[in-house]
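What follows is the residue order along each chain.
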Amino acid sequence: MSRLITWAAVLVAFVAVPFYLEGFWLQTGLFAMSAAVGAIGINLLTGATGQLSMGHAFFLAVGAYAYVSFSDDLGLPTPIAAVLAVLLAGVAGGLFSPIAGRLKGAYLGIATLALIFGGQHLLFNVEHVTGGFNGRAVPPLEIFGFSFADKPELILMNVPFGSLERLWFLGGALLLLAALFARGVLRGRPGRAMNTIRDHEIAAGVMGVPVTRYRAGAFVLSSMYGGLAGVMLALVFQRTVPDYFGILLSLDYLAMIVIGGLGSVGGAVIGAVFVSLLPQLLTRYSDALPLVSAPGSGGVSPAEAARLLYGAAVVGVVLFLPGGLLGLLRSLRLRLPSLPTPLPDTRSSHVS
């Protein structure tokens, strides 16, 4: 009963947020939601299956730019464009999956770097599709005549609901569905097989697990999560910019799953919130923080300070918190039973 009350309170708080918080916090929260979806995807690949990928940002770019191209260039309805963009990201992952199925560890990480470098080249040079350096404007999503944009004007309880307020609920719904689907995968037979491949690859093969097929499948699924995150990011940012989808974004995603906790959906969400909120908070309060200055002023910028801080957080987690922040929350709950139960750990090392 206490758990039900806790989740009901979380739902009420989530619904109330757009009525009370300003645009900056709504946009920051939406960036965190899109990052959480992408982090769940990379955690399925790296945390659950043990496959290192440095190219996750490439699939976000595929999702974001494909949505713009399908809806703007081809004139498709925006919901169909969004679905096709996610599927195209999966197809891109499928084309790379023969490599992902046969390589592992650092070898796969190095191979996926080619996706980043090749993707950056295309984003900057195929200007008739990507818009080049300046990127492209993102058409707002429209479902059954309801537009997730500032117009037409919508007022609820004397609060104007613009694009951010409308996207808040869409982002929450997509994150919830993505998390539930991933939990279902991890708690079922595929998840147990993926964990066994991660922990005991030879034993998995002896037990009859098709290692290559599972690795390739995890890569495709992770790519589709990345594509969905890219679509969400494009809708929030309202413009696709090539510079954003570089190697630093892929490193951010690896930091998210390490800090939050490898191999669990809850860990991916917690890590995504931490890593995506930190630079926004440092930017917001840079004037009041020591050693942090505005970009271009010669000091440490908020973005640089954020990377230094969560770089230190990664080291701290590796040394002192092998279960990440999610593991820390679980240990605190054991000492303080009144705390709400975190999302259950879906990792396993056995195949049913």
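Residues numbered from 1 in each chain as written. Predicted model: local features only at pLDDT ≥ 70, side-chain atom pairs only at ≥ 80, totals over all residues. Heavy atoms only, no water.

As a further point, take unusual backbone geometry. Here F144, not a glycine, exhibits a phi torsion of approximately 50°, which is positive. Considering the arrangement of structural elements, one finds F144 in the loop between strand 2 (142-143) and strand 3 (146-147). In the Ramachandran plot, Q238 falls in the positive-phi region, its phi being about 65° despite a non-glycine side chain. Turning to its location among the elements, Q238 is positioned in the loop between helix 10 (211-237) and strand 6 (239-240). (Helix = DSSP H or I, 4+ residues; strand = E, 2+ residues; numbered from the N terminus.)

What follows deals with the pattern of salt bridges. For the structure shown, the criterion picks out five salt bridges. For the salt bridge of E201 with K104, the shortest nitrogen-to-oxygen distance reads 2.9 Å. Here the residue E201 occupies a position in helix 9 (residues 201-206), and K104 occupies one in the loop between helix 4 (78-102) and helix 5 (105-125), the gap between them amounting to 97 residues. Classification of E201 by relative accessible area gives partly exposed; the value is 28%. (Salt bridge = Lys/Arg side-chain N within 4 Å of Asp/Glu carboxyl O. Buried < 20%, exposed > 50% of the residue type's maximum accessible area, 1.4 Å probe, protein only.)

Our focus in this paragraph is empty space enclosed by the protein. Taken as a whole and judged by the stated rule, the model has two cavities of 30 Å³ or more. A volume near 60 Å³ is recorded for the largest cavity. Forming the walls of the largest cavity are L30, L167, L170, G171, M232, L235 and V236. Breaking the lining of the largest cavity down by element, the ones donating at least two residues are helix 7 (163-187) and helix 10. Residue classes in the lining of the largest cavity are distributed as six nonpolar, one polar and no charged. Estimates place the volume of the second largest cavity at around 30 Å³. Along its surface, the second largest cavity is lined by F58, A61, L115, I116, G119, Q120, L123 and F245. Among the elements of the structure, helix 3 (56-73) and helix 5 are those that each provide at least two residues to the lining of the second largest cavity. (1 Å grid on protein atoms, 1.4 Å probe; cavity = no way out; pocket = protein on both sides within 12 Å on 5 of 7 lines; lining within 4 Å. Points joined across faces, edges and corners; volume = space filled by probe spheres on them. Nonpolar A, V, L, I, M, F, W, Y, C, P; charged D, E, K, R; others polar.)

A word on the layout of surface pockets. Space left empty within the atom packing is revealed by a probe, the size of a water molecule, rolled over the atoms. Estimated volume of the second largest pocket: approximately 780 Å³. Taken together, the residues of the lining of the second largest pocket break down into 21 nonpolar, seven polar and four charged.

Let's shift gears to the packing of helix 2 (residues 23-47) against helix 7. Angle between the axes and distance between the axes are the two parameters that describe a pair of packed helices. In the contact formed by helix 2 and helix 7, the axes pass within 10 Å of each other and the chain directions differ by 20°. Considered as vectors, helix 2 and helix 7 are oriented roughly parallel to each other. The two elements helix 2 and helix 7 meet at a crossing, and its hand is left-handed. Where helix 2 abuts helix 7, its residues G23, L26, Q27, G29, L30, M33, A36, V37, I40 and L44 lie against L164, E165, L167, W168, G171, G172, L175, A178, A179, A182 and L186. For the contact of helix 2 with helix 7, the per-class residue count stands at 15 nonpolar, five polar and one charged. (Axes fitted to C-alpha atoms, helices over the stretch in contact; angles between N-to-C directions. Parallel < 35°, antiparallel > 145°, perpendicular 65-115°, else oblique. Left-handed = near helix turned anticlockwise from the far one by under 90°. Contact = heavy atoms within 4.5 Å.)

Applying the stated rule across the entire model yields 12 aromatic pairs. Ring centres of F24 and W25 lie 5.0 Å apart, and the angle between their planes is 80°; on these two criteria the pair is classed as edge-to-face. A centroid spacing of 6.3 Å and a plane angle of 10° characterise the contact between F161 and F169, whose relative ring orientation is stacked. For F161, a relative accessible area of 5% translates into the label buried. Residue classification places F169 among the partly exposed positions, given a relative accessible area of 30%. Among the aromatic side chains, those forming a connected cluster through ring pairs are F14, F19, F161, W168 and F169. (Phe/Tyr/Trp six-rings, centres within 6.5 Å; stacked < 30°, edge-to-face > 60°.)

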